[in-house]
Amino acid sequence: MTTYVMRRIIQAIPIVFGISILIFLIVQLAPGDPTDRFRTPRVRPETIANLIRLYGLDRPLPEQYFSWITAFFQVWRVECWGYSLKTGEPVRDMIFGRLPNTALLMGTAEIVTILFAIPIGIVAAVKQYSLLDKVISVFATIGYAIPSFILGIYVMYFGGVVLGWFPLFGMQSLGKSGEPLDIAWHLVLPVTSLAIQSIAGWARYVRTSMLETMHQDYVRTARAKGLAGSRVIGKHALRNALLPVVTLLGLALPSLVAGAVITESIFSYPGIGSLTINSVTANDFPVIYAVGMLVGIFVILGNLLADVLYGLVDPRIKY
Amino acid sequence: MERADLTTPLASGALAGAPAEIDEVDLVPVRTYWQMVRERFMQHRLAVMSLVILAVLIVFSIAVPALTGDAYRRSNLAYVDAGPSLTAPLGYNEIGQNQSVALMKATQNSLIIGFVSVLIIGSIGSLVGSIAGYAGGWVDNLLMRAVDVVLSLPFFFLILIIVAFFGVGDVRVIIIAIGITGWTVAARLVRAEFLRIREADYVQAARALGVGHRRIIVRHMLPSAMAPLVVACALGVADAIITEAALSYLGFGIARPEPSLGNMLNNAREYFYANPERIFYPGILLILLVLCASFLGDGLRDALDPRQKVKA
Amino acid sequence: MTGDNGRFATPGGDLLGIEDLRTYFYTRDGVVKAVDGVSFVIGNGRTLGLVGESGCGKSITALSVMRLIERPGRIETGAIRLGDLDLLALDEEQMRGVRGARISMIFQEPMTSLNPVFTCGDQISEAITVHESIGRTEASERTIEMLAQVGIPDAKRRAHEYPHQLSGGMRQRVMIAMALSTHPELLIADEPTTALDVTIQAQILELMKELRERNRMAIMLITHDLGVIAEMADDVVVMYAGKVVEQADAFTVFERSHHPYTRGLLASIPRLGVKRERLEVIRGVVPNPLNLPAGCLFKRRCAYAMAICDNPPPFREVADGHLSRCWLTPAGEPPSVGAEADPETAAAAAAELSMEA
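1. Some thoughts on the overall build of chain C
Next, step 1: What chain C contains, in helices and strands, is 12 helices and 12 strands.
Next, step 2: Computed over its C-alpha atoms, the radius of gyration of chain C comes to 22 Å, within 12% of the 21 Å expected for a compact globule of 357 residues.
Next, step 3: Projected onto its principal axes, the C-alpha positions of chain C cover 75 × 55 × 45 Å.
Next, step 4: Considering only intrachain contacts with a sequence separation of at least 6, the fraction spanning at least 24 residues in chain C is 67%.

Laid out in structure tokens, this is it:
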């Protein structure tokens with residue numbers, strides 16, 4: 001197994017470089033540059049030229065890329081990811097500051113999802129063709145199809161305006177700092193909004209997997225051995241059905257970092273997602289680079305995790 | 001060992017002249033592949049309903065803007081915040097625009113963006129996927145690495161950046177952005193199908209006959225890969241519509257006064273308390289569009305899947 | 001005197017009796033009568049071979065005995081008796097007590113019939129602990145013992161391996177071990193060797209014979225392979241399109257078969273050393289289950305078909321313990337009404353003849 005992981009990591013390196021080049025190129029190709037907002041009629045061309053030299057924007061592209069990428073991985077240095085063009089803060093600190101918030105939000109949503117989706121999916125599969133199954137299927141399809149931002153708005157409307165029970169934005173109330181209950185209260189609406197979509201998707205996945213498993217020959221064998229229905233489903237079928245679901249866990253890793261761009265934005269939640277929007281709006285390139293790279297790397301890690309997890313639970317897989 | 005000789009007729013001649021063909025009633029009635037597909041599709045009441053609703057929406061979204069011209073962007077200050085009327089069933093917004101007309105125009109935009117970008121995704125995806133799947137070897141490797149790179153970044157993130165940098169509010173940029181990020185999924189799909197059927201007997205037979213590569217790909221292999229591709233495209237339309245709406249909502253997509261389901265929703269946010277219905281009609285229409293596309297995709301998937309188990 | 005409930009010579013008494021079993025499937029396209037009035041008996045310690053083409057209903061018969069028929073299928077009527085117990089009258093919990101304990105079943109595809117995520121040992125132990133309340137260690141010991149009995153070398157180690165780590169033949173041995181671990185009275189084997197290659201096939205059949213001796217177990221052996229029947233079966237039941245068309249002991253079926261279908265099957269076996277230009281075939285195809293012909297189901301493919309065959313033939317004794325569903329007399333001749341008779345005369349004669357039987 002360790003050799004497999006090593007091999008995958010080595011294979012991932014060119015992809016990471018590929019991502020870095022892709023992001024770099026996209027940003028470079030964009031019209032305009034970081035000095036745009038300084039170009040008012042009152043600023044002299046020499047000042048602009050100095051700025052360009054200061055930012056190193058006049059160096060040849062490969063050189064710019066190289067210095068950027070080498071600095072990127074030196075995470076221990078404060079200046080590794082540059083400084084925000086908007087606020088001047090070190091990008092690294094900005095990101096590290098918001099990372100826990102996003103992780104908390106997405107992590108909670110993930111746990112809620114698993115707690116609900118798996119039982120729902122199982123029930124729908126076991127009681128296939130029944131009214132319950134049809135209802136679940138329809139709800140799952142609807143829940144999955146509703147775009148997250150609409151869900152966010154409606155959840156916000158019903159929970160915050162109609163019912164008035166929950167706060168509409170932010171992560172904590174003014175004046176309170178780090179109080180778990182307060183934070184939890186703020187998390188309810190965004191988590192609900194995220195979870196509804198997630199549960200819909202996962203439940204369908206679990207249901208499909210269960211259905212496929214339930215029609216396998218070994219389930220028939222288990223019944224022929226005289227096992228009770230619940231044992232046949234709960235032990236023989238479920239164990240096999242959950243195998244592909246495990247990979248979903250691994251694939252959920254990147255979202256812990258990337259956050260939900262739209263949901264965070266709607267709820268003004270201080271996470272990486274809203275940071276992304278704000279920096280794209282402001283053309284804050286260093287932040288965009290950093291977030292992009294970070295997310296890309298975690299996607300690769302997430303894929304790796306998914307494969308490793310699958311190898312651990314399925315005895316047929318030998319790495 | 002005495003055995004009846006079953007090949008010679010009885011001496012009594014009972015079978016003299018009896019035909020040796022298979023009696024027709026022994027054969028199961030033959031239906032062509034497409035007839036079976038249609039039958040299976042028709043069984044999906046939701047999918048059929050979705051098709052109908054979608055068709056109606058398409059008709060309306062073309063007819064209403066065609067008939068009303070640029071009424072959707074004309075703001076008539078006399079009608080600011082006016083309530084519903086015969087020509088404006090949904091009333092007017094805060095700058096006097098007829099909401100119903102705007103809604104239809106917005107729907108039209110969504111549908112156009114949805115279909116065109118999926119067209120791009122489907123084309124590029126099939127091209128890359130078929131070449132990769134058919135050629136194998138280093139070509140496959142190279143193309144798949146490229147796909148991996150693009151897939152490593154969350155779609156929305158990429159699209160956001162592309163649109164933000166290259167043309168906020170430009171429909172063409174949005175379409176292209178969705179197209180060049182989305183083709184990867186289609187490519188993977190087509191490639192998987194190609195890998196699967198590459199070793200199939202009928203492909204080998206074609207090769208043995210000396211049929212050229214391009215013809216093999218286009219005539220023999222692509223049709224088999226079509227089924228999952230079509231399903232993916234139907235669902236892709238749903239995704240594209242959502243993406244455009246999200247972009248417009250955030251302010252990066254279609255901007256006012258051009259209507260989009262997304263920017264109508266964004267606008268409505270300010271009127272949560274005063275005119276809550278404004279968050280409903282664009283939202284519901286959007287949900288309707290997406291749902292219809294999704295159910296359609298589901299129906300297509302079940303209809304086109306050749307592995308239907310019929311318990312007999 | 002004997003009626004439709006076929007009786008072979010069963011010296012030890014009957015273990016399993018099936019009487020007029022009908023299992024129908026309600027599909028979208030119509031009702032498929034997969035098993036339509038099947039009756040036979042398996043004697044204690046006897047091996048019954050259930051033969052027929054694909055789709056004739058033999059597997060469904062077996063699954064009906066185990067009561068493992070699922071939607072859209074249903075056991076319509078009939079009686080299935082295990083000793084004194086009426087299996088169709090049991091509730092599900094009681095039936096579970098029978099499944100795997102008194103009647104065990106093994107299937108055709110050992111790879112997919114074993115759960116890939118549990119070890120072989122686990123699956124066998126499970127079969128034991130479900131029916132007997134013994135401890136895990138004792139169950140393990142018995143498992144290893146069974147594995148050794150079915151001829152798996154290094155049984156202790158193999159018990160901890162997963163199905164995918166074993167070869168096809170070994171997997172089938174594991175299935176057999178699992179089925180026999182509870183010492184059932186009846187083993188139902190549904191095409192146990194069909195998925196294996198010929199040399200392994202021979203080994204598995206030898207194994208089954210050995211275990212049959214040792215456990216004094218009855219076997220219902222389902223197959224389309226007449227060679228396997230010749231090896232293993234004491235009695236034979238031939239099925240066609242959901243009905244039994246002939247039954248007798250094995251010797252009689254091979255040497256003195258009566259029904260044209262059976263004779264066609266036997267004639268189509270290729271024989272080594274005999275020079276032929278073409279293989280014998282039974283012309284035609286199995287009838288569409290949704291569109292069965294009236295009267296004898298085999299008539300369209302039968303060389304002896306006559307007008308009277310438009311009436312369903314009686315299932316009657318053509319010799320002691322030998323039944324056949326055909327209008328031909330025991331000697332193989334057309335019935336008294338003659339082969340030339342027109343349909344009405346034939347129908348009248350049919351009614352008369354049926355009552356006699």
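There's more to say after this.
2. Some details on the packing of helix H1 (residues 33-43) of chain B against helix H10 (residues 277-304) of chain B
All names here are of chain B.
Next, step 1: Here H1 crosses H10 at 140°, and the two axes come no closer than 8 Å. It follows that H1 is oblique to H10 by the angle criterion. Considering the relative orientation of H1 and H10, their crossing is right-handed. Counting all contacts with H1, which are made through Val37, Arg40 and Phe41, the residues of H10 involved are Gly299, Leu300, Asp302, Ala303 and Leu304.
Next, step 2: Grouping the amino acids of the contact of H1 with H10 by side-chain chemistry returns five nonpolar, one polar and two charged.

3. Brief notes about the interface of chain A and chain B
Next, step 1: Listed per partner, the contact involves 31 residues of chain A and 33 residues of chain B.
Next, step 2: Residue composition of the side of chain A that touches chain B, by class: 25 nonpolar, six polar and no charged.

4. Focus: helix H6 (residues 148-162) of chain A
Next, step 1: When the terminal C-alpha atoms of H6(A) are compared, their 20 Å separation across 15 residues agrees well with the 21 Å that a helix rising 1.5 Å per residue should span.
Next, step 2: Turning to H6(A), its buried residues number three or more, namely Ser148(A), Phe149(A), Ile150(A), Leu151(A), Gly152(A), Ile153(A), Val155(A), Met156(A) and Tyr157(A).

5. Examining the sheet that holds strand E2 (residues 30-43) of chain C
Sheets are built from strands that pair by backbone hydrogen bonding, the pairs being arranged parallel or antiparallel.
Residue and element names in this part refer to chain C.
Next, step 1: Spatially, the four strands line up as an open sheet ordered E2-E1-E4-E5, and their pairing is antiparallel. Edge positions in the sheet fall to E2 and strand E5 (85-86), since each has one partner strand and no second.
Next, step 2: Against the sheet, helix H1 (residues 58-65) makes contact with strand E1 (14-27), E2 and strand E4 (73-82), and its axis sits at roughly 70° relative to E2, the strand it touches most.

6. Here we look at the domain arrangement of chain A
Residue and element names in this part refer to chain A.
Next, step 1: Taken domain by domain, chain A holds domain 1 (2-72) and domain 2 (100-313).
Next, step 2: Computed from C-alpha coordinates alone, the two centres of domain 1 and domain 2 are separated by 34 Å.
Next, step 3: Listed by partner, the interface residues are 12 residues for domain 1 and 11 residues for domain 2.
Next, step 4: Top contributing element to the side of domain 1 that touches domain 2 by residue count: helix H1 (residues 2-29), with nine residues.
Next, step 5: Residue composition of the side of domain 1 that touches domain 2, grouped by class: nine nonpolar, one polar and two charged.

7. Quick notes on the sheet that holds strand E9 (residues 235-240) of chain C
Residue and element names in this part refer to chain C.
Next, step 1: The eight strands lie next to each other as E6-E7-E8-E3-E9-E10-E12-E11, forming an open sheet whose pairing is mixed. At either margin of the open sheet sits one strand with a lone partner, and together these are strand E6 (103-106) and strand E11 (315-319). Each strand of the sheet is rotated relative to its neighbour by a mean of 20°, with strand direction disregarded.
Next, step 2: The sheet contact formed by strand E10 (residues 243-249) and strand E12 (residues 322-325) spans two bridges and is antiparallel. Of the residues in E12, the one forming a bridge with Glu246 is Ser324.

8. A few points about the environment of Arg99(C)
Next, step 1: In this fold, Arg99(C) is placed in the loop between helix H2 (92-98) and E6.
Next, step 2: Note on Arg99(C): 24 C-beta atoms within 10 Å, which makes it buried.
Next, step 3: Along the chain, Arg99(C) and Leu68(C) lie 31 residues apart, while their C-alpha atoms are 9.7 Å from each other.
Next, step 4: Residues contacting Arg99(C), with those up to four places away along its chain left out, are Ala224(A), Lys225(A), Gly226(A) and Met66(C).

9. Thoughts on the pairing of strand E8 (residues 218-223) of chain C
All names here are of chain C.
Next, step 1: The element E8 is extensively covered by neighbouring structure, given that six of its six residues are classed as buried.
Next, step 2: Taking every second residue as pointing to the same face, both faces of E8 are buried, with Ala218, Met220 and Ile222 on one and Ile219, Leu221 and Thr223 on the other.
Next, step 3: One ladder, built from five bridges, connects strand E3 (residues 47-51) with E8; its direction is parallel. For Gly49, the partnering residue across the bridge sits in E8 and is Leu221.
Next, step 4: In terms of handedness, the path from strand E7 (residues 186-190) via helix H8 (residues 198-215) over to E8 forms a crossover that is right-handed.

10. Here's the deal with helix H3 (residues 99-135) of chain B
Residue and element names in this part refer to chain B.
Next, step 1: Taking 1.5 Å as the rise per residue, H3 with 37 residues should run 54 Å; its terminal C-alpha atoms sit 53 Å apart, in good agreement.
Next, step 2: The buried fraction of H3 amounts to 27 of the 37 residues, a majority that puts the element mostly inside the structure.
Next, step 3: Within two residues after H3, Gly136 carries a phi angle of roughly 65°, on the positive side.

11. Remarks on the environment of Val126(A)
Next, step 1: The residue Val126(A) is located in helix H4 (residues 91-126) in this model.
Next, step 2: Placed 186 residues apart in sequence, Val126(A) and Leu312(A) show a C-alpha to C-alpha distance of 27 Å.

12. Details of the pairing of E3(C)
Residue and element names in this part refer to chain C.
Next, step 1: By the criterion of burial, E3 is predominantly enclosed, with five of the five residues buried.
Next, step 2: Neither face of E3 is exposed, since Thr47, Gly49 and Val51 on one face and Leu48 and Leu50 on the opposite face are all buried.
Next, step 3: With four bridges connecting them, E3 and E9 associate as parallel partners. Looking at the pairing, Val51 lines up with Val238 of E9.

13. Observations regarding unusual backbone geometry
Residues and elements named next belong to chain C.
Next, step 1: Residue Pro72 is reached from Arg71 by a cis peptide bond, and omega for that bond is 0°.
Next, step 2: One non-glycine residue, Glu191, adopts positive backbone phi at about 50°.
Next, step 3: Within the secondary structure, Glu191 sits in the loop between E7 and H8.
Next, step 4: In this structure Glu191 comes out as partly exposed when scored by C-beta crowding, with 19 C-beta atoms within 10 Å.

14. As for the environment of Ile146(A)
Next, step 1: Relative to the helices and strands, Ile146(A) is located in the loop between helix H5 (131-145) and H6.
Next, step 2: Distance in space between the C-alpha atoms of Ile146(A) and Gln128(A) is 24 Å, their sequence separation being 18 residues.

What counts and how
- Residues numbered from 1 in each chain as written.
- Chains lettered and ligands numbered in written order.
- Predicted model: local features only at pLDDT ≥ 70, side-chain atom pairs only at ≥ 80, totals over all residues.
- Helix = DSSP H or I, 4+ residues; strand = E, 2+ residues; numbered from the N terminus.
- Rg over C-alpha atoms; globule rule 2.2 N^0.38 Å.
- Contact = placed C-beta atoms within 7 Å.
- Axes fitted to C-alpha atoms, helices over the stretch in contact; angles between N-to-C directions.
- Parallel < 35°, antiparallel > 145°, perpendicular 65-115°, else oblique.
- Left-handed = near helix turned anticlockwise from the far one by under 90°.
- Nonpolar A, V, L, I, M, F, W, Y, C, P; charged D, E, K, R; others polar.
- Expected span 1.5 Å × (residues − 1).
- Buried ≥ 20, exposed ≤ 12 C-beta atoms within 10 Å, placed from the backbone.
- Pairing = 2+ DSSP bridges.
- Domains from an automatic or database assignment.
- Right-handed = clockwise from strand over helix to strand, strands pointing away.

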